[in-house]
Amino acid sequence: MLTPTYTILYVNDPHASARLYGKLLDAQHVESSPTFVLFPLENGRMLGLWAKSDAVPAADFHGSGSELAFRVADDAKVDALHGQWRDAGLRILQAPTKVDFGYTFTAADPDGHRLRVFARTE
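So, a few notes on the structure that sits alongside this text. (Residues numbered from 1 in each chain as written. Predicted model: local features only at pLDDT ≥ 70, side-chain atom pairs only at ≥ 80, totals over all residues. Heavy atoms only, no water.)

### Section: the sheet that holds strand β4 (residues 46-51)
- Reading across the sheet, the four strands line up as β1-β4-β3-β2 and stay open at both edges, with mixed pairing between neighbours. Two strands in the sheet have a free side with no partner beyond their single neighbour: β1 (6-11) and β2 (31-33). Here the strands of the sheet are splayed against their neighbours by 15 degrees on average, with no regard to which way each runs.
- In this structure, β1 lies alongside β4, joined through six bridges in parallel fashion. Paired with L9 across the bridge in β4 is L49. (Pairing = 2+ DSSP bridges. Helix = DSSP H or I, 4+ residues; strand = E, 2+ residues; numbered from the N terminus. Axes fitted to C-alpha atoms, helices over the stretch in contact; angles between N-to-C directions.)

Here it is, written out as structure tokens:
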């Protein structure tokens, strides 16, 4: 089985995005160049932030057609992160709410990438 190991987000300013994602992930980047920043994630995967202007082939999307989703332990953690992310200036697309799979909220980073936090209903 072939398993994806990197997620790449195309961003306007990789270093501005890295400051934001460093805070959200509570992580330090492990690679940095003028057009790319790379973060290791706890699960062994990597998150790359690549300048849209430098991506080859060109990144020609508008908005976000996918999400980065973060599963947390419980509803209280969803609410806590919602407050932290709102206070950090992320645009909240969906306030905390119950949906069929659990309790969730959705935010957007400055480049329009959707970020979902959820606690699963078991």
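More follows now that the structure is in view.
### Considering the packing of aromatic side chains
- What the rule picks out here adds up to five aromatic pairs.
- Relative to F105, the ring of W85 lies with its centre 5.6 Å away and its plane at 80 degrees, an arrangement referred to as edge-to-face. Placement of W85 in helix α2 (residues 75-87) and of F105 in strand β7 (residues 102-108) is noted, with a sequence separation of 20 residues between them. Across the pair, F105 and W85 agree in class, each one buried.
- Taken together, the ring pairs in this structure connect Y10, F36 and W50 into an aromatic cluster. (Phe/Tyr/Trp six-rings, centres within 6.5 Å; stacked < 30°, edge-to-face > 60°. Buried < 20%, exposed > 50% of the residue type's maximum accessible area, 1.4 Å probe, protein only.)

### What about the nonpolar core?
- Ranked by size, the top nonpolar core spans 22 residues in total, and within it Y21 and W85 carry the most contacts.
- Put simply, the parts of the chain that give this core at least two residues each are β1, α1 (14-25), β3 (36-40), β4, α2, β7 and β8 (114-120).
- Setting aside anything within four residues of it in sequence, one finds W85 in contact with L24, F70, L90, F105, A107, L115 and V117. (Core = buried A, V, L, I, M, F, W, Y, C linked by side-chain atoms within 4.5 Å. Contact = heavy atoms within 4.5 Å.)

### A short note on α2
- In a regular helix each residue adds 1.5 Å, so 13 residues correspond to 18 Å; α2 covers 18 Å between its end C-alpha atoms and thus fits that length.
- Taken together, the buried positions of α2 are V78, L81, H82, G83 and W85.
- Measuring from the side-chain oxygen of the N-cap residue of α2 to the backbone nitrogen of A76 gives 3.2 Å; that N-cap residue is D74.
- One or two residues past the end of α2 sits G89, with phi positive at roughly 100 degrees. (Expected span 1.5 Å × (residues − 1). Polar contact = N/O pair within 3.5 Å; in protein donor to acceptor, adjacent residues only side chain to side chain.)

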